[in-house]
Amino acid sequence: MKIAQVSPIFESVPPKAYGGTERVISYLTEELVKQGHEVTLFASGDSETAARLVSPIAESLRPDVLRPAWLAYHIIQMDQVSELADSFDVIHFHTDYLHFPLAKSLGRPYVTTLHGRQDLPELQPLYRHFHDVPLVSISNHQRTPLPEANWCETVYHGLPSDLHSFQESPGDYFVFIGRISQEKRVDRAIDIAKQCGVPVYIGAKIDKADEPYFNACIKPLLRDPLVQFVGEVNQREKRELLEHARALLFPIDWPEPFGLVMIEAFSCGTPVIAYRNGSVPEIMEDGVTGFVVTNQDEAVRAAKNIDAIDRKGCREAFDRRFTATHMAENYLRVYRRMLG
């Protein structure tokens, strides 16, 4: 099958550090190539892929994502897609809704995976207008604010099965991986660790928009000797932190569309303690891959009892549900439906 994957150009594919969407696009693209499909990846020029790479810009916009040029380069990218559209059996967009007007006129089967939250008020009239655009959700919960949109499938994210190594015997620390923001609630993670008397490593990106929150609310918490702030981590550093952690702390306070770091933890055998928000009840198997909690008291009890979780069971759950092979097979089923 001849498949186009269209990525945002804010990050390279895969990203050098933080960046869930582009990381998933990379895993999908490489798995499709591995399975023998002819794949073209539309992404920034600093991407690394076994697919054919078409780029509107030499390097990702990551160093300055707020500059006005982001729109100009994405428009160039959409024109590149349009020029090559006839050479594809199906076009898979990951660019939110930017491509909607174009995609309807390409005359080729296409589908869009939405990677972000869908409870923003401006999305209601948008999806009423583009009511026939075929959409893939990354969790069933992600669909909740837009029940009348044209959802054709839910496809969970997947990772290469050899990306992380299973570790049966963990170290003596918790870990928080992600982004410093109010909805990610690293303050809760720090509190859980302190109440347990267990060190916590924080591998987290700080966006410019979140710097005031970090300085006012989080930076003072880092003075505690149990707290080790690592900052933004690359894939190798994240792997090392996750593989040897007693548990990943995921105390979110927002409608998380998926939560890629949870399945990254599962693949290491590392259990997760997560708040029951967004996709968490779908991705987690309470009592198998960790504990799903609703408040801090429950979270602390879960953390103190984390050794009750069988780390082999975490890895088995990952192999059963969240490999890149599973993800690719599920998307191929969507593509064939579009072609049909």
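Just so it is clear, the structure is predicted and the values come from calculations on it, not from any experiment.

Quick notes on the rules
Residues numbered from 1 in each chain as written. Predicted model: local features only at pLDDT ≥ 70, side-chain atom pairs only at ≥ 80, totals over all residues. Heavy atoms only, no water. Helix = DSSP H or I, 4+ residues; strand = E, 2+ residues; numbered from the N terminus. Buried < 20%, exposed > 50% of the residue type's maximum accessible area, 1.4 Å probe, protein only. Contact = heavy atoms within 4.5 Å. Pairing = 2+ DSSP bridges. Axes fitted to C-alpha atoms, helices over the stretch in contact; angles between N-to-C directions. Salt bridge = Lys/Arg side-chain N within 4 Å of Asp/Glu carboxyl O. Disulfide = S-S within 2.5 Å. Polar contact = N/O pair within 3.5 Å; in protein donor to acceptor, adjacent residues only side chain to side chain.

## Section: the environment of F318
Relative to the helices and strands, F318 resides in helix α11 (residues 311-321). In this structure F318 comes out as buried when scored by relative accessible area, which is 0%. The spatial distance from the C-alpha of F318 to the C-alpha of L159 is 9.0 Å, given a sequence separation of 159 residues. The residues touching F318, leaving out its near neighbours within four places in the chain, are L159, P160, S161, I263, F266, S267 and T323.

## As for the environment of T325
By secondary structure assignment, the location of T325 is in helix α12 (residues 324-339). Residue class for T325 comes out partly exposed when judged on its relative accessible area of 32%. Taking the C-alpha atoms as reference, T325 lies 9.8 Å from K34; in sequence the two are 291 residues apart. Residues within four places of T325 in sequence aside, it is in contact with E31 and Q35.

## Some points on the sheet that holds strand β10 (residues 227-229)
With parallel pairing, the 6 strands of this open sheet are ordered in space as β10-β9-β8-β11-β12-β13. The open sheet has two free edges, formed respectively by β10 and β13 (290-293), since each of these has just one partner strand. Here the strands of the sheet are splayed against their neighbours by 20 degrees on average, with no regard to which way each runs. Where strand β9 (residues 200-205) lies against β10, 3 bridges are found, and the strand directions are parallel. Considered in β10, the bridge of Y201 is made with Q228. The strands touched by helix α8 (residues 260-268) within the sheet are β8 (174-179), β11 (247-250) and β12 (272-275), with β11 carrying the most contacts at an inclination of about 170 degrees. The strands touched by helix α10 (residues 296-304) are β8, β12 and β13; relative to β12, the strand with the most contacts, the crossing angle is about 175 degrees.

## Examining the pattern of salt bridges
Taken as a whole and assessed by the stated rule, the structure comprises 21 salt bridges. In this structure, the salt-bridge partner of D253 is R185, at a minimum N-O distance of 3.3 Å. Note that D253 is positioned in the loop between β11 and α8 and R185 in the loop between β8 and α5 (186-196), a separation of 68 residues in sequence. Two residues, D319 and R315, come together in a salt bridge whose shortest N-O distance is 3.2 Å. Here R315 and D319 lie together in helix α11, a separation of 4 residues that amounts to about one turn.

## Here we look at the state of the cysteines
Tallied over the full model, the rule gives 0 disulfides. Free of any disulfide, C268 has its nearest neighbouring cysteine sulfur in C314, separated by 10.0 Å. Residue class for C268 comes out buried when judged on its relative accessible area of 0%. Assessed through its relative accessible area of 0%, C314 is described here as buried.

## Thoughts on the side chain of T270
Structurally, the position occupied by T270 is in the loop between α8 and β12. For T270, a relative accessible area of 0% puts it in the buried group. Here R311 takes part through its side chain, which lies 3.0 Å from a polar atom of the side chain of T270. T270 has contacts with L242, E243, A245, R246, A247, L248, A265, R311 and C314, leaving out every residue within four places of it along the chain.

Everything listed is a geometric property; what it means functionally is a separate question.
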